[in-house]
Amino acid sequence: MTPRPRTIPDEAILEATGRVIGQLGPARFTLADVATEVGLSPATLVQRFGSKRGLLLALAGSSVASVDACFGGIRAAHPDPLDALLAAATDMTRHVGSPEEMANHLAFLQIDLSDPDFHRLALENNRRILRGYRALLDEAVAVGELAPCDTPRLARAVGALAGGSLIAWAILR
């Protein structure tokens, strides 16, 4: 017997999960919340991901997998490396529409920092982001847009500024 075809791809489920986390936070949302958001039954989510934890791990893994494609898309849309760097550094803001959503995403960060499985994925995600920033900075140096400098260190500063500015925005509104 062949399995039933999937009417909704995992990517759509993971996007819905991200939206639900933004609304409710990672502790308060249920599989039923995600199922309602995406138009499936909670049992289907259990079948695909095993549990709420499995769904959250899949979401974290998809974030890691999307970093390189995100930088590629940004680079293709911005011929100037420094323009691409600015676009990349501000790209996270498209996922956060309100201070409450920011708080809910920060609650997910608490899981990333305290659970070894999530931390491994968060660390790889951050390494890829820093590698993307550094590549753009190296390119800016190569084409003369930026004076020669310590691009790995500058990439870390850009990463800290990008993340910190979201938190400042949520506080200062």
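Residues numbered from 1 in each chain as written. Predicted model: local features only at pLDDT ≥ 70, side-chain atom pairs only at ≥ 80, totals over all residues. Heavy atoms only, no water.

Examining helix α8 (residues 151-172)
Logical step 1: The end-to-end C-alpha distance of α8 is 30 Å, a good match for the 32 Å that 22 residues give at a rise of 1.5 Å each.
Logical step 2: Those residues of α8 hidden inside the fold are in contact with α5 (81-90), α6 (99-114) and α7 (116-142).
Logical step 3: Count one or two residues on from α8 and you reach Arg173, which has phi positive near 55°. (Helix = DSSP H or I, 4+ residues; strand = E, 2+ residues; numbered from the N terminus. Expected span 1.5 Å × (residues − 1). Contact = heavy atoms within 4.5 Å.)

Describing the pattern of salt bridges
A side chain with one charge can pair with a side chain of the opposite charge if their charged atoms come near.
Logical step 1: With the rule as written, the count across this model stands at nine salt bridges.
Logical step 2: Among the ionic pairs, Asp10 bridges to Arg48, the shortest N-O distance being 2.8 Å. With Asp10 in helix α1 (residues 10-24) and Arg48 in helix α3 (residues 42-49), this pair connects stretches of sequence that are 38 residues apart.
Logical step 3: By relative accessible area, Arg48 is classed as buried at 18%.
Logical step 4: In this structure, Arg75 and Glu139 form a salt bridge, with 2.3 Å as the shortest nitrogen-oxygen distance. On the criterion of sequence distance, the pair formed by Arg75 in helix α4 (residues 52-77) and Glu139 in helix α7 is long-range, its members being 64 residues apart.
Logical step 5: Owing to a relative accessible area of 21%, Arg75 belongs among the partly exposed residues under this scheme.
Logical step 6: Looking at Glu139, the relative accessible area reads 29%, which means it is partly exposed.
Logical step 7: Residues participating in the shared-partner salt-bridge network are Arg53, Asp115 and Asp117. (Salt bridge = Lys/Arg side-chain N within 4 Å of Asp/Glu carboxyl O. Buried < 20%, exposed > 50% of the residue type's maximum accessible area, 1.4 Å probe, protein only.)

Structural notes on the packing of aromatic side chains
Logical step 1: In total, this model carries two aromatic pairs according to the counting rule given.
Logical step 2: Where Phe108 meets Phe118, the ring centres are 6.0 Å apart and the plane angle is 70°; that geometry is what we call edge-to-face. With Phe108 in helix α6 and Phe118 in helix α7, this pair connects stretches of sequence that are ten residues apart. You'll find Phe108 and Phe118 in the same group, each marked buried. (Phe/Tyr/Trp six-rings, centres within 6.5 Å; stacked < 30°, edge-to-face > 60°.)

Examining the nonpolar core
In a soluble, globular protein the nonpolar side chains are often hidden away together inside.
Logical step 1: Of all hydrophobic cores here, the largest spans 22 residues; its most connected members are Ile13, Phe29, Val34, Leu45 and Leu55.
Logical step 2: Among the secondary structure elements, those contributing two or more residues to this core are α1, α2 (31-38), α3, α4 and α7.
Logical step 3: Discounting chain neighbours no more than four positions away, the residues touching Phe29 are Thr17, Val20, Ile21, Leu24, Val34, Lys52, Leu55 and Leu56.
Logical step 4: Grouped together as the second largest cluster of nonpolar side chains are 14 residues, Val67, Ala87, Leu136 and Val158 included. (Core = buried A, V, L, I, M, F, W, Y, C linked by side-chain atoms within 4.5 Å.)

As for the packing of α1 against α3
Logical step 1: Two numbers describe how α1 lies on α3: the axes approach to 12 Å, and their chain directions differ by 110°. Of the possible angle classes, the one that applies to α1 and α3 is roughly perpendicular. Seen along the crossing, α1 lies across α3 with a hand that is left-handed. Residues Asp10, Ile13 and Leu14 of α1 pack against Leu45, Arg48 and Phe49 of α3.
Logical step 2: For the contact of α1 with α3, a count of residues per class yields four nonpolar, no polar and two charged. (Axes fitted to C-alpha atoms, helices over the stretch in contact; angles between N-to-C directions. Parallel < 35°, antiparallel > 145°, perpendicular 65-115°, else oblique. Left-handed = near helix turned anticlockwise from the far one by under 90°. Nonpolar A, V, L, I, M, F, W, Y, C, P; charged D, E, K, R; others polar.)

Thoughts on α3
Logical step 1: The set of residues buried in α3 consists of Leu45, Arg48 and Phe49. Taken down its axis, α3 places every buried residue within 75° of arc, on the same side. Of the exposed residues in α3, those oriented more than 90 degrees away from the buried face are Ala43 and Gln47.
Logical step 2: Each element contacted by the buried residues of α3 is listed here: α1, α2 and α4. (Arc of directions from axis to C-beta.)

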